[in-house]
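# Breakdown of the fold
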Amino acid sequence: MAGLWRDYLALLDSLGGTLEELTELERTKTLAVGRSDLDGLEECMKREQVASLTLRGLDQKRDKLLAGMGLAGVPLRDMPERAPQDIRQEVKEAAERLRRKYELFQSASDVARNTLECNLHAIEKLQKAQDAPHPEEQEQLRQSDFRA
């Protein structure tokens, strides 16, 4: 059983590494969007797909580990109290590290999503300005877009 818990701790570290990678990708994506770097954005999205597959594989491994430990369905927050006494603190610290990394990822992801949405709105306004029949309307839409 101790071997399974060690495997579980290693899995949490792997998850944390993947979350760090995703967090950096989100930051890079935000910068790419801000620079209107479509190639950079596309590269980030490809790398996100790879990381997503990695997460899926780690999730399947986690499910198997938890089943092997008789803890299927137990959430991360409850794992420290289920751990053997000799590694309980280590499991608690690993779970906390993973939660912090997830929070950082969520924050970076929110910024990237908001940046993408804002830029999509700007593109839509620009397209409306180009489609507007009168030059005055085009100029008004461009100015409001530029101020945003």
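The structure we're discussing is the one just above.
Remember, predicted model here, so these are calculated numbers, not experimental data. (Residues numbered from 1 in each chain as written. Predicted model: local features only at pLDDT ≥ 70, side-chain atom pairs only at ≥ 80, totals over all residues. Heavy atoms only, no water.)

## Digging into the overall build of the protein
To keep things clear, this is the line we draw: The numbering of helices and of strands both runs from the N terminus, where a helix is a DSSP run of H or I of at least 4 residues and a strand a run of E of at least 2. Think of it in three bands: residues with accessible area under 20% of the maximum for their type are buried, residues over 50% are exposed, and the middle band is partly exposed, with areas taken using a 1.4 Å probe on protein chains only. Computed with the Shrake-Rupley method and a 1.4 Å probe, the accessible areas treat only the protein chains shown as cover for residues.
When helices and strands are tallied, the protein shows five helices and zero strands. Helices (α) and strands (β) of the protein occur, in sequence order from the N terminus, as α-α-α-α-α. The buried share of the protein, taken over its 148 residues, is 30%. Here the protein displays about 9900 Å² of accessible surface, and carbon together with sulfur accounts for 52% of that area.

## Observations concerning unusual backbone geometry
Negative phi values dominate among residues other than glycine, just as trans dominates among peptide bonds. Notably, Ser36 is not glycine yet its phi reads approximately 55 degrees, a positive angle. Position of Ser36 relative to the elements: it lies in the loop between α1 (2-34) and α2 (38-68).

## Quick notes on the pattern of salt bridges
Note on pairing: side chains with opposite charge can pair once their charged atoms come close. In plain terms, the rule: Any carboxyl oxygen of Asp or Glu that lies within 4 Å of a side-chain nitrogen of Lys or Arg is treated as forming a salt bridge with it.
According to the stated counting rule, one finds 13 salt bridges in the structure shown. Between Asp37 and Arg35 there is a salt bridge, and its shortest N-O distance comes to 3.5 Å. Residue classification places Asp37 among the partly exposed residues on the basis of a relative accessible area of 26%. In this structure, Arg62 engages Asp63 in a salt bridge whose closest nitrogen and oxygen atoms are separated by 3.2 Å. By relative accessible area, Asp63 is classed as partly exposed at 40%. Where salt bridges share partners, they join Glu26, Lys29 and Glu48 into one cluster.

## Focus on the packing of α1 against α2
Threshold: For helices, the fitted line uses only the C-alpha atoms of the stretch in contact; every axis is such a line through C-alpha atoms, and the angle between N-to-C directions lies from 0 to 180 degrees. Angle categories: roughly parallel below 35 degrees, roughly antiparallel above 145, roughly perpendicular from 65 to 115, and oblique for all the rest. Handedness of a crossing follows from how the near helix is turned relative to the far one, being left-handed for an anticlockwise turn of less than a right angle and right-handed for a clockwise one. The residue classification treats Ala, Val, Leu, Ile, Met, Phe, Trp, Tyr, Cys and Pro as nonpolar and Asp, Glu, Lys and Arg as charged. All others, Gly included, are polar.
Running from N to C, α1 and α2 cross one another at 165 degrees; their axes reach a closest spacing of 9 Å. In terms of orientation, α1 and α2 fall into the roughly antiparallel class. The handedness of the crossing between α1 and α2 comes out as left-handed. Broken down by class, the residue content of the contact of α1 with α2 amounts to 15 nonpolar, six polar and eight charged.

## Remarks on the nonpolar core
The following threshold applies: The nonpolar core is taken to be a set of buried Ala, Val, Leu, Ile, Met, Phe, Trp, Tyr and Cys residues, with the residues joined through side-chain atoms within 4.5 Å. Any pair of residues with heavy atoms lying within 4.5 Å of one another is described as a contacting pair.
Judged by nonpolar contacts, the single largest core of 24 residues is most densely connected at Trp5, Tyr8, Met69, Leu71, Met79 and Val91. Elements represented by at least two residues in this core include exactly α1, α2 and α4 (88-131). Residues contacting Met79, with those up to four places away along its chain left out, are Trp5, Tyr8, Leu66, Met69, Leu71, Val74 and Val91.

## Some points on α2
Filter applied, for reference: Expected helix span is given by 1.5 Å per residue-to-residue step, counting one fewer step than there are residues. Counted as a polar contact is a pair of N or O atoms within 3.5 Å, where, for protein atoms, one must be capable of donating a hydrogen and the other of accepting one, and residues adjacent in sequence contribute only when both atoms are in side chains.
In this model, α2 (31 residues) spans 45 Å end to end at C-alpha, consistent with the 45 Å of a helix rising 1.5 Å per residue. Here α2 has its buried residues at Gly40, Leu41, Cys44, Glu48, Ala51, Leu58, Leu65 and Leu66. Two or three places before Asp39, at the start of α2, stands the capping residue Asp37, its side-chain oxygen 3.4 Å from that residue's backbone nitrogen. Positioned one or two residues after α2, Gly70 has a phi angle of 75 degrees, which is positive.

## Looking at the side chain of Thr23
By the secondary structure assignment, Thr23 is in helix α1. Not counting residues up to four positions away in its chain, the partners in contact with Thr23 are Lys101, Leu104, Phe105 and Ala108.

## Some points on α1
Given 3.6 residues to a turn, an α-helix orients residues that are three or four positions apart in the same direction. The first and last C-alpha atoms of α1 sit 48 Å apart over 33 residues, in line with the 48 Å expected at 1.5 Å per residue. Just downstream of α1 lies Ser36, where phi reads positive at about 55 degrees.

## Concerning the side chain of Thr30
By the secondary structure assignment, Thr30 is in helix α1. Aside from chain neighbours lying at most four places away, what touches Thr30 is Ala108, Val111, Ala112 and Thr115.

Scope: geometric values only; no functional claims are made or implied.
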